[in-house]
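One letter stands for each residue in the lines below.
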Amino acid sequence: VEVKIEVVIPEKERSKEEMSPNGKASPLIYKVNGTARHYHLEEHPIASNPYHNPKDMVEASVCHVKDLENGQMREVDLGCGKALLIKESGEFHAVGHKCPHYGAPLVKGVLSKGRVRCPWHGACFNISTGDIEDFPGLDSLPRFQVKIEKEKVYIRASKQALQTQRRTKMMAKCISLSNYNLSSTNVLIIGAGAAGLVCAETLRQEGFSDRIVMCTMDRHLPYDRPKLKKWLFLQSMDSHPEQIALRPKEFFCTYDIEVLTEMQVAAVDVKSKIAVFKDGFKMEYNKLLIATGNMPKTLSCKGREIENVFNIRTPEDANRVVKLATSKNVVIVGASFLGMEVAAYLAERAHSVSLVELEHVPFKKFFGERVGRAVMKMFENNRVKFYMQTEVSELREQEGKLKEVVLKSGKVLRADVCVVGVGAVPATGFLKQSGINIDSKGFIVVNKMMQTNIPGVFAAGDAVTFPLALRNNKKVNVPHWQMAHMHGRIAALNMLAHGTEISTVPYLWTAMFGKSIRYAGHGEGFDDVVIQGDLDELKFVAFYTKSDEVVAVASINYDPIVSKVAEVLAAGRTIRKRDVDTVIFLSFRTGDMSWLTGKGS
């Protein structure tokens, strides 16, 4: 029997002592040989001390008060690290200069109404507190002290904060895990992706000190799924899951977030509030979050079970594909984001890369035909061969391994490896008899607070449809990494009865052959595309319109225009088609954001 005693410190005193120096981390629960067992980390938990050692502090004069105008940002050097100095409404603020997500320089981002938006992936940070307000990413920015003396601006900062450029918000811990039955939890989170993890972290950040259990079919703690198919992860054939972990093991111990790995929920009894696992184990819950994501579609043709045919879903899948494909013939089925990103990476490593797609242009439904053709040309210039408007009819093997891919057009492609990227379906089959409202496509239907039709049951991430304010509250499915983060946060806040409604602009990105495509908004059903720039040179911005209204924007080599449009849409302003060629585009080129607040003409 483990007895844990923890003193609950009043909120205003909490910053003085985050936890006892002799405190032990709470156990994680792992699936070991088919049995749920406790895992206990012996090291002391990580705790931030707000009272910095004076030797760790640095103070420097960074500029004259007149060097910055309102609405301007400047990256300043304090000798042992850099900070982002911001002037807005006559006040100076200083925060970390790099986005904690992937390290983008925030000085190249967008400043508007008390927050700065990342130029790469759209994360937003409050300039007064450094807190993250929109995603992706988990950490906030460090905030530094600013003072004015004799018309000079000084910044005082911790050397450690200047080096790390990130800050984890203060979180509560579970008061006493020993009081709980192993088969009972206050909050159960099914799924350990971005939505599930952000939900758990938000609960702790809001002071929730009861038990939280996450369960996942994966072998690993939550990891950065986009890196499975983007070059950042695939660039190394010796990559390991720990390299793309969203949080280290110590984090989960420190904040008492229990994780059940290799545990699949087979059914949910919403009346009894019990989740039934595939192995027969049952767990009672008070609040439930379903964040199971989606499952990749498989081929239905003959030979689909042959060795060396892959759906990339796990780190192990990604590494196997890279190792097997080097100097070999690769066939990729489906010009999806997954298929195109894998093709781009393998083009320099495989002997040949062939891509099979049912449409006549990749990304046509998402980016439009003109942008799709420009991207297709880039791939063809990098030795990727397209076989369009056809499907796979058969996979042939030799000695049990893939040898050829036969197309319905009659073409036979040599293939040592086949990667399948033909879409995905929501992983919600286990809910069919639960009473939870699921639409005809298998998506869980939620409201603006991520609540299902069952009290106490929430859902988030790729497996849901929700009302998108940007599109007049139309129910949509947005399977983006950024959106999963926001879903998780909104679900957590409403588990705590905050009554918070989701209000965010979808934002995604992809990288191929060193070119980054950024996209914001929701362009489903667009009827026209207005393009500024040069498609052949892959330096352009495309505005997607429906009727007279801009509903989405995409760009290559035009940063930070997508983040600027995202900020406009987030402010609730409508962009008309006629504005693209005049006021909006001109203001982007000059950097003038006055029209965002209604002051521009």
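Residues numbered from 1 in each chain as written. Predicted model: local features only at pLDDT ≥ 70, side-chain atom pairs only at ≥ 80, totals over all residues. Heavy atoms only, no water.

- Within an unreviewed UniProt entry, the label attached to the protein chain reads Apoptosis-inducing factor 3, and the organism entered is Leiothrix lutea.
- Under the heading Function (unreviewed entry), UniProt records this for the protein chain: "Induces apoptosis through a caspase dependent pathway. Reduces mitochondrial membrane potential."
- The heading Sequence similarities (unreviewed entry) in the UniProt record of the protein chain holds the text "Belongs to the FAD-dependent oxidoreductase family." (UniProt positions renumbered as here; feature names shortened; annotations may be inferred.)

1. A short note on the sheet that holds strand S14 (residues 212-215)
Moving on, step 1. Read across the sheet, five strands follow the order S15-S14-S13-S19-S31 without closing on themselves; strand pairing throughout is parallel. Either end of the sheet is taken by a strand with one partner, and the two such strands are strand S15 (257-260) and strand S31 (457-459). Averaged over all adjacent pairs, the angle separating strand axes in this sheet is 20 degrees, with direction ignored.
Moving on, step 2. Here S14 runs beside S15; their pairing, made up of four bridges, is parallel. Residue pairing across strands places isoleucine 212 opposite isoleucine 257, the latter belonging to S15.
Moving on, step 3. Sheet strands in contact with helix H3 (residues 194-205) are strand S13 (187-190), S14, S15 and strand S19 (287-290), and its direction is about 175 degrees off that of S14.
Moving on, step 4. Lying over the sheet, helix H10 (residues 481-495) contacts S13, S19 and S31, oriented at roughly 170 degrees with respect to S19. (Pairing = 2+ DSSP bridges. Helix = DSSP H or I, 4+ residues; strand = E, 2+ residues; numbered from the N terminus. Axes fitted to C-alpha atoms, helices over the stretch in contact; angles between N-to-C directions. Contact = heavy atoms within 4.5 Å.)

2. Some words on the packing of aromatic side chains
Moving on, step 1. Within this structure, the stated rule accounts for 15 aromatic pairs.
Moving on, step 2. Ring geometry for phenylalanine 366 versus phenylalanine 367: centroids 5.1 Å apart, planes at 85 degrees, classification edge-to-face.
Moving on, step 3. Between phenylalanine 379 and phenylalanine 386, the ring centres sit 6.2 Å apart and the planes meet at 65 degrees, which makes this aromatic pair edge-to-face. Of the two residues, phenylalanine 379 and phenylalanine 386, neither departs from the other in class, the shared state being buried.
Moving on, step 4. The rings of Phe337, Phe363, Phe366, Phe367, Tyr519, Phe526 and Tyr544 are connected pair by pair, giving a single aromatic cluster.
Moving on, step 5. One residue, lysine 147, lies across the ring of tyrosine 154, its end atom 5.8 Å from the ring centre.
Moving on, step 6. In this structure, arginine 247 packs its charged tip against the face of phenylalanine 251, placed 4.5 Å from the ring centre. (Phe/Tyr/Trp six-rings, centres within 6.5 Å; stacked < 30°, edge-to-face > 60°. Buried < 20%, exposed > 50% of the residue type's maximum accessible area, 1.4 Å probe, protein only. Lys NZ or Arg CZ within 6 Å of the ring centre and 35° of its normal.)

3. Describing the nonpolar core
Side chains of a nonpolar character, in soluble globular proteins, are inclined to be buried together.
Moving on, step 1. In terms of nonpolar packing, the biggest core is built from 98 residues, with Leu188, Val268, Leu289, Ile290, Phe466 and Phe543 touching the most fellow members.
Moving on, step 2. Top contributing element to this core by residue count: H10, with eight residues.
Moving on, step 3. When residues no more than four places from it in sequence are discounted, the contact partners of isoleucine 290 are Ile190, Phe430, Leu431, Ile436, Ile444, Val457, Phe458, Ala459 and Ala460. (Core = buried A, V, L, I, M, F, W, Y, C linked by side-chain atoms within 4.5 Å.)

4. Some thoughts on empty space enclosed by the protein
Moving on, step 1. Taken as a whole and judged by the stated rule, the model has two cavities of 30 Å³ or more.
Moving on, step 2. In this structure, the largest cavity occupies an estimated 90 Å³ of space.
Moving on, step 3. As for the largest cavity, its lining consists of Ile132, Phe135, Gly137, Leu138, Lys169, Val198, Glu201, Thr202, Gln205 and Arg489.
Moving on, step 4. Looking at the lining of the largest cavity, the element that brings in the most residues is H3, giving four residues.
Moving on, step 5. Considered class by class, the residues forming the lining of the largest cavity number four nonpolar, three polar and three charged.
Moving on, step 6. Shared between two domains, the lining of the largest cavity holds at least three residues of each, these being domain 1 (57-164) and domain 2 (170-297 + 425-505).
Moving on, step 7. There is about 40 Å³ of room inside the second largest cavity.
Moving on, step 8. When its residues are assigned to classes, the lining of the second largest cavity shows four nonpolar, two polar and two charged. (1 Å grid on protein atoms, 1.4 Å probe; cavity = no way out; pocket = protein on both sides within 12 Å on 5 of 7 lines; lining within 4 Å. Points joined across faces, edges and corners; volume = space filled by probe spheres on them. Nonpolar A, V, L, I, M, F, W, Y, C, P; charged D, E, K, R; others polar. Domains from an automatic or database assignment.)

5. Things to note about the pattern of salt bridges
Between side chains of opposite charge, a pair can form when the charged atoms approach closely.
Moving on, step 1. Per the stated rule, a full pass over the model turns up 23 salt bridges.
Moving on, step 2. Glutamate 316 serves as the salt-bridge partner of arginine 219, at 3.6 Å between the closest nitrogen and oxygen. On the criterion of sequence distance, the pair formed by arginine 219 in the loop between S14 and helix H4 (231-234) and glutamate 316 in helix H6 (residues 315-325) is long-range, its members being 97 residues apart.
Moving on, step 3. Of the charged contacts in the structure, one is a salt bridge between arginine 373 and glutamate 369, with a shortest N-O distance of 3.3 Å. Taken as a pair, arginine 373 and glutamate 369 lie in helix H9 (residues 369-380) at a separation of four residues, close to a single helical turn. (Salt bridge = Lys/Arg side-chain N within 4 Å of Asp/Glu carboxyl O.)

6. Describing the environment of leucine 246
Moving on, step 1. If you trace the backbone, leucine 246 turns up in the loop between H4 and helix H5 (249-254).
Moving on, step 2. With 49 residues separating them in the primary sequence, leucine 246 and leucine 197 have C-alpha atoms 8.7 Å apart.
Moving on, step 3. Excluding its chain neighbours within four sequence positions, the residues that come into contact with leucine 246 are Leu138, Leu197, Pro222, Tyr223, Asp224 and Trp481.

7. Considerations on the pairing of S14
Moving on, step 1. Both faces of S14 are covered, namely the face carrying Ile212 and Met214 and the face carrying Val213 and Cys215.
Moving on, step 2. Handedness of the crossover joining S13 and S14 through H3: right-handed. (Right-handed = clockwise from strand over helix to strand, strands pointing away.)

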